[in-house]
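So the chains spell out like this:
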Amino acid sequence: MLQHELPLPMAGLHDVKALMKTLPPSIHVLVTGASGGIGRAICFALIEQARKDGANIRISAAATQPGARLEQLVDELRAAGAQAGGVAGDITDPAQCAALVVQAESQGGDLTALICNAGASGPGRLADMPPAQWDTTFNLNTRSAWLLAQAAREGLSRTRGSITAVASMSGLTPHPGYGAYSAAKAALIMLCRQLAQEWAADGIRVNTVCPGMIRTPLTEAVYQDATTLAKRESLVPLGRIGRAEDVGTTVAWLTSPGASYITGQNLAVDGGISDHMLSLIPGRPGKPPAGQAGP
Ligand SMILES: NC(=O)c1ccc[n+]([C@@H]2O[C@H](COP(=O)([O-])OP(=O)(O)OC[C@H]3O[C@@H](n4cnc5c(N)ncnc54)[C@H](OP(=O)(O)O)[C@@H]3O)[C@@H](O)[C@H]2O)c1
């Protein structure tokens, strides 16, 4: 019998360690908002990243409620090569945040990554916004990430894992008419920087991404209007509206070994729009007047 064929109880510690090294690493990721536009793309990008890294992957796909949509996603993830299971809970409720992590861990063990993607914007002027709208926006977009992270911390510290949260360009730049959302996403970015500092000693990395204008089922109605689409594209230095996959591949990379020395960072996935404001100022020296752009 060859050394590596020894049954584990008969093998020495050295043999077990050697055997472990030959096994592919295992990844277990909890993704919130997994059946939404960006969440789906994150799940499939994680599978692709795991394939590149030679790892086995399990995805715990979280939705607000169980049901056919979540089951279909789980089937698709399995067909794409992952182990997958669905978990459900409303993340504006602290108890359900903790329960989501417990469900995921009971299905697949300690998490190696937590992706806090679920969130939603909603219009509302600060002048007359009811406090309940402010609270819901913060509970969904900001507090949930902290509570999910708290629940996952012990497991993540055992796996030296990571947390990545999906914020928004609205968290980098004020978004008039979306006062609570903008403030909540800005707070999410700082929360993650804070967690990165507090939990670095546990080996847990924490980062955020800020999508710009991304075409997802949530925003699709806006892009059905060709004039609005063209106007929006003209504001993006890279000349196009983002795809959910643009965000997905970035998030997947941030969870991967390739990003193992990155923590406390925010990465805008926005085609350059967040930095574009100064290009819009008319009449600057060296800039042709509007409508007289040179070749
Ligand atoms: N699309 C963009 O242009 C854009 C730009 C910047 C930032 N973002 C951010 O990107 C993230 C994903 O957005 P998306 O465009 O993919 O939107 P989406 O398709 O509406 O997905 C949002 C997801 O959040 C989940 N969710 C909402 N409320 C929840 C709750 N109370 N408890 C648990 N889950 C909840 C939803 O789950 P269920 O479907 O199960 O209810 C949904 O799957 C959000 O954080 C959003 O703020 C998006």
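Refer to the structure printed above.
Every value quoted in this text rests on a predicted model; they were computed, and no experiment measured them. (Residues numbered from 1 in each chain as written. Predicted model: local features only at pLDDT ≥ 70, side-chain atom pairs only at ≥ 80, totals over all residues.)

## Description of the overall build of the protein
For step 1, the next point in the chain: Of the regular secondary structure elements, the protein holds nine helices and nine strands.
For step 2, the next point in the chain: Residue pairs in contact within the protein that sit at least 24 positions apart in sequence constitute 75% of those at least 6 positions apart. (Helix = DSSP H or I, 4+ residues; strand = E, 2+ residues; numbered from the N terminus. Contact = placed C-beta atoms within 7 Å.)

## What to know about helix α5 (residues 131-159)
For step 1, the next point in the chain: Compared with an ideal rise of 1.5 Å per residue, which puts 29 residues at 42 Å, α5 spans 39 Å between its outermost C-alpha atoms and is within 8% of the ideal.
For step 2, the next point in the chain: Maximum bend of α5: about 55 degrees, positioned at Arg153.
For step 3, the next point in the chain: Looking one or two places after α5, you find Arg160, whose phi comes out positive at around 55 degrees. (Expected span 1.5 Å × (residues − 1). Bend = angle between axes of the 7 residues up to and from the residue.)

## Focus: the packing of helix α4 (residues 94-108) against α5
Helix-helix packing is described using two parameters, namely the angle between the two axes and the distance between the axes.
For step 1, the next point in the chain: At a minimum axis distance of 9 Å, the contact between α4 and α5 shows a crossing angle of 35 degrees. α5 is crossed by α4, and the crossing has right-handed handedness. Contacts between α4 and α5 involve Pro94, Cys97, Ala98, Leu100, Val101 and Glu105 on the former and, on the latter, Ser144, Leu147, Leu148, Ala151, Ala152 and Gly155. (Axes fitted to C-alpha atoms, helices over the stretch in contact; angles between N-to-C directions. Left-handed = near helix turned anticlockwise from the far one by under 90°.)

## Quick notes on the site of the ligand
For step 1, the next point in the chain: As a structural note, the neighbourhood of the ligand is formed by 27 residues, with Gly33, Gly36, Ala63, Ala118 and Gly119 the closest of them.
For step 2, the next point in the chain: Top contributing element to the shell around the ligand by residue count: helix α2 (residues 37-53), with three residues.
For step 3, the next point in the chain: Counted by class, the shell around the ligand contains twelve nonpolar, 14 polar and one charged residues. (Near = placed C-beta within 6 Å. Nonpolar A, V, L, I, M, F, W, Y, C, P; charged D, E, K, R; others polar.)

## Quick word on the environment of Gln133
For step 1, the next point in the chain: Along the chain, Gln133 turns up in helix α5.
For step 2, the next point in the chain: With ten residues separating them in the primary sequence, Gln133 and Pro123 have C-alpha atoms 9.9 Å apart.
For step 3, the next point in the chain: When neighbours within four sequence positions are excluded, Gln133 is seen to be in contact with Gly124 and Ala180.

## Looking at the pairing of strand β3 (residues 83-88)
For step 1, the next point in the chain: Here strand β2 (residues 56-63) pairs with β3 via six bridges, running parallel. Bridge pairing links Ile59 to Ala84 in β3.
For step 2, the next point in the chain: Taking the sense of rotation as the criterion, the β-α-β connection linking β2, helix α3 (residues 68-79) and β3 turns out right-handed. (Pairing = 2+ DSSP bridges. Right-handed = clockwise from strand over helix to strand, strands pointing away.)

## A short note on the sheet that holds strand β6 (residues 205-211)
For step 1, the next point in the chain: One open sheet accounts for seven strands, arranged β3-β2-β1-β4-β5-β6-β9; its pairing is parallel. Each edge of the open sheet carries a strand with a single partner, namely β3 and β9 (266-269). Sheet twist, expressed as the average angle between the axes of neighbouring strands with direction ignored, equals 20 degrees.
For step 2, the next point in the chain: Sheet topology places strand β5 (residues 162-166) next to β6; five bridges connect them, and they run parallel. Residue pairing for β6: Ile163 is matched across the bridge by Val206.

## Quick word on the pairing of strand β4 (residues 113-116)
For step 1, the next point in the chain: Of the two faces of β4, the one carrying Ala113 and Ile115 and the one carrying Leu114 and Cys116 are both buried.
For step 2, the next point in the chain: Across three bridges, strand β1 (residues 26-31) lies against β4 in parallel orientation. Within the sheet, the bridge partner assigned to Val31 lies in β4 and is Ile115.
For step 3, the next point in the chain: Examined bridge by bridge, β4 and β5 share four bridges and lie parallel to one another. Across the sheet, residue Cys116 finds its bridge partner in β5, namely Ala165.
For step 4, the next point in the chain: Of the crossover connections in this fold, the one passing from β4 over α5 to the parallel β5 is right-handed. (Buried ≥ 20, exposed ≤ 12 C-beta atoms within 10 Å, placed from the backbone.)

## Here's the deal with α3
Side chains of residues three or four places apart in an α-helix project in the same direction, reflecting 3.6 residues per turn.
For step 1, the next point in the chain: Taking 1.5 Å as the rise per residue, α3 with twelve residues should run 16 Å; its terminal C-alpha atoms sit 16 Å apart, in good agreement.
For step 2, the next point in the chain: Among all positions in α3, only Leu70, Leu73, Val74 and Leu77 are buried. Down the axis of α3, the smallest arc covering the buried residues is 100 degrees, so these residues share one side. Those residues of α3 that are exposed and aimed more than 90 degrees away from the buried face are Ala68, Gln72, Asp75 and Ala79.
For step 3, the next point in the chain: Residues of α3 that are buried make contact with α2, β2 and β3. (Arc of directions from axis to C-beta.)

Worth remembering: the numbers are spatial, not functional.
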